[in-house]
Amino acid sequence: MRIGHGYDLHRLEPVAPAGRGRPFILGGVRIDHDRGPVGHSDGDVLLHAVTDAILGALGQPDIGQLFPDTDPRWEGGDSAMFLAEAAVRMRAAGYEIGNMDMTVICERPKVGPRKSEIVARIAQILGCPADRLNLKGKTHEKVDAVGEGRAIETHVVALLVKSC
Ligand code: MG
């Protein structure tokens, strides 16, 4: 088996045209919110960390190396593409998801009510059973950039096991 860790953070700004924020998408699920991530792609901070956790477990180049934020091909792009590529690489190496634990840290919006939807979407992109994935939402107790609603942060740990 192999283990990988993924981390990501994106700034949150008022959604365009009021600011530079993109529509708020988390784990491939659109959530209504007045602020959204600033990013080159769609800014999906959870899919980015999941992608990096899997690539890290495989010992392969990270998301920034595979999909540079200077490449116009990924401008505004659906981050599901990045995760789908990581899943292809995982299968090619002979691994599947053993289990994965994901933590999202932000003050708003609340992740809890959308948890099962987000988990189902990530399982769909990965082609794995949803019961191998766990998602937790936490706040940052109103302190620092995340706590003040100016950023959103994610941590993911992925355990890969050899496919039978
Ligand atoms: Mg990112």
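Residues numbered from 1 in each chain as written. Predicted model: local features only at pLDDT ≥ 70, side-chain atom pairs only at ≥ 80, totals over all residues. Heavy atoms only, no water.

## Let's talk about the coordination of the magnesium ion
Just so we agree on the cut-off: Think of the donor list as every N, O and S atom within 2.8 Å of the metal, or within 3.2 Å for Na, K and Ca; water never makes the list, so a site can look incomplete. Numbering of helices and strands runs from the N terminus; a helix is a DSSP stretch of H or I covering at least four residues, while a strand is a stretch of E covering at least two. Only protein chains enter the accessibility calculation, which uses a 1.4 Å probe. A residue is then buried if its area is under 20% of the maximum for its type, exposed if over 50%, and partly exposed in between.
On the protein side, the magnesium ion has Asp8 (OD), His10 (NE2) and His48 (ND1) as donor atoms, found 2.1 to 2.2 Å from it. Along the chain, the residues that donate to the magnesium ion are spaced as D-x1-H-x37-H. Here His48 lies in helix α1 (residues 45-58) and Asp8 lies in strand β1 (residues 2-14), a separation of 40 residues in the sequence. Pair check on accessibility: Asp8 and His48 agree, each one buried.

## Concerning the pattern of salt bridges
Rules: Basic side-chain nitrogens of Lys or Arg form a salt bridge, by our definition, when they fall within 4 Å of a carboxyl oxygen of Asp or Glu.
All chains considered together, the criterion is met by 9 salt bridges. The closest approach of N and O atoms between Arg22 and Glu75, which form a salt bridge, is 3.3 Å. Placement of Arg22 in the loop between β1 and β2 (25-26) and of Glu75 in the loop between α2 (63-66) and α3 (80-92) is noted, with a sequence separation of 53 residues between them. Given a relative accessible area of 22%, Arg22 falls into the partly exposed group. For Arg89, the salt bridge is made with Glu85, and the minimal N-O distance between the two is 2.7 Å.

## Some points on the packing of α1 against α3
What counts, and what does not: Fitting a line to C-alpha atoms yields each axis, with helices limited to the stretch in contact; the angle taken between N-to-C directions then spans 0 to 180 degrees. Reported orientations rely on four angle classes, namely roughly parallel under 35 degrees, roughly antiparallel over 145, roughly perpendicular from 65 to 115, and oblique for the rest. For a crossing to be left-handed, the near helix must be turned anticlockwise from the far one by less than a right angle; the clockwise case is right-handed. The contact rule is simple, with two residues in contact once any of their heavy atoms fall within 4.5 Å. As a working rule, the residues Ala, Val, Leu, Ile, Met, Phe, Trp, Tyr, Cys and Pro are called nonpolar, Asp, Glu, Lys and Arg charged, and the rest polar, with Gly in that last group.
The N-to-C vectors of α1 and α3 enclose an angle of 20°; their axes lie 9 Å apart at closest approach. With respect to α3, the element α1 is oriented roughly parallel. The two elements α1 and α3 cross, and the hand of that crossing is left-handed. Residue-level contacts link Leu47, His48, Val50, Thr51, Ile54, Leu55 and Leu58 of α1 to Ala80, Phe82, Leu83, Ala86, Arg89 and Met90 of α3. Its residues assigned to classes, the contact of α1 with α3 shows 10 nonpolar, 2 polar and 1 charged.

## Observations concerning the sheet that holds strand β6 (residues 133-138)
Rules: Note on pairing: two strands pair once DSSP finds at least 2 bridges between them.
In spatial order, the strands read β4-β1-β7-β5-β6; together these 5 strands make up an open sheet with mixed pairing. The sheet is open, and its two borders are formed by β4 (35-37) and β6, each paired with just one other strand. Adjacent strand axes in the sheet meet at a mean angle of 20°, parallel and antiparallel pairs treated alike. Here 10 bridges tie β1 to strand β7 (residues 151-162), and the two strands are oriented antiparallel to one another. By the bridge assignment, His5 is partnered in β7 with Val157. Strands β1, β5 (95-105), β6 and β7 of the sheet are contacted by α1, whose axis makes an angle of about 155° with β1. Packed onto the sheet, helix α4 (residues 115-126) meets β5 and β6 and runs at close to 140° relative to β6.

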